[in-house]
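Given next are the chains, with one letter for each unit.
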Amino acid sequence: MAEDTGAQGAHGVRPLARERTVRTDELRDHLWAIFDLKTSGLLQNPESARHDYYSVFAGKQPAEEFWIKHLVKKNPSTATMEMLQSLMESQRFSQLMFTSCGWFFSDISGIETVQIIKYANIAIRFAKPYTNLDLETVFIKKLGEAHSNIGTNYDGDIIYNKWIKPHELGENNAVNQYLIEGALFQAFNERTLFLYDLNPRDVVHFETSKGQCWLTSIDTHHQPTGRRGTYVGLLIRQDDDFQT
């Protein structure tokens, strides 16, 4: 069980402070090492920039001013900016792993503890393209040591794999959702889903023996990282069944 932190869980069960220490603390250190290594020489002071980044997503400082203040060299490449923004977001969610009273619930399946594990998942995903270390596998293994008071079906690794992993929201999810809603409401307009700006090009509507079809090319822009892409999407509708 967890160490005595002064907080008491339901039915006398101690909170999860030690669970946090051996799981999220280790992940935090890995994420920081990646951030520090990859931003060295690009940011004047990586730690200061990480702290100051709050002002950007809180709307207190324009992103342009932030980067002018912290970049060593102005006008870096698009790939460099995507990496910096991704790693900055990874650090933001790394810090969110330690917010609220999530680790003082009497069970790891508590609602706020699950939210904190979700923050960890997002932090890992932002950092993943910039390290050879399999952060997710290491983290899941550690979570498997966080046993639930309710039963093994609620242990940390089960929560991650069944409650969090299947509900990740990425570019594919945004495009699929966009196609389905566009067909339902007969409107393929510019819009934002899951922090992805979606801009369709020509939309072609036709019918086949399989049902109604929509074919389009969609430009995507991820707001947090600036990453851009283009998808060719095909949606087939048969009554209330949609395939993308």
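Above this text you will find the structure in question.
What you are looking at is a predicted structure, and each value in this text was computed from that prediction instead of being measured.

### A short note on the sheet that holds strand β2 (residues 196–208)
With antiparallel pairing, 5 strands are arranged side by side in an open sheet as β1-β2-β3-β4-β5. The strands lining the two open edges of the sheet, one partner per strand, are β1 (191–193) and β5 (241–243). Across the sheet, the mean angle from the axis of one strand to that of its neighbour is 35°, orientation sign disregarded. Where β1 meets β2, 3 bridges bridge the pair, whose relative direction is antiparallel. Residue pairing for β2: Thr192 is matched across the bridge by Asp197.

### Focus on the pairing of β2
Connecting β1 to the next strand, β2, in antiparallel fashion are 2 residues, including Phe194 with a positive phi near 55°. As judged from the 11 bridges shared by β2 and strand β3 (residues 211–222), these two strands associate in the antiparallel manner. Paired with Asp197 across the strands is His221, a residue of β3. Taking the residues between adjacent antiparallel strands as the criterion, β2 and β3 are bridged by 2 residues.

### Examining the pairing of strand β4 (residues 228–238)
Side-chain positions along a regular strand alternate between the two faces of the sheet. Pairing geometry for β3 and β4, over 10 bridges, is antiparallel. Opposite His221, over in β4, you have Arg228 as the bridge partner. Two successive antiparallel strands, β3 and β4, enclose a turn made up of 5 residues, where Gly226 displays a positive phi of approximately 80°. For β4 and β5, the ladder comprises 3 bridges, and the chain directions are antiparallel.

Reading the values: the criteria
Residues numbered from 1 in each chain as written. Predicted model: local features only at pLDDT ≥ 70, side-chain atom pairs only at ≥ 80, totals over all residues. Heavy atoms only, no water. Pairing = 2+ DSSP bridges. Helix = DSSP H or I, 4+ residues; strand = E, 2+ residues; numbered from the N terminus. Axes fitted to C-alpha atoms, helices over the stretch in contact; angles between N-to-C directions.

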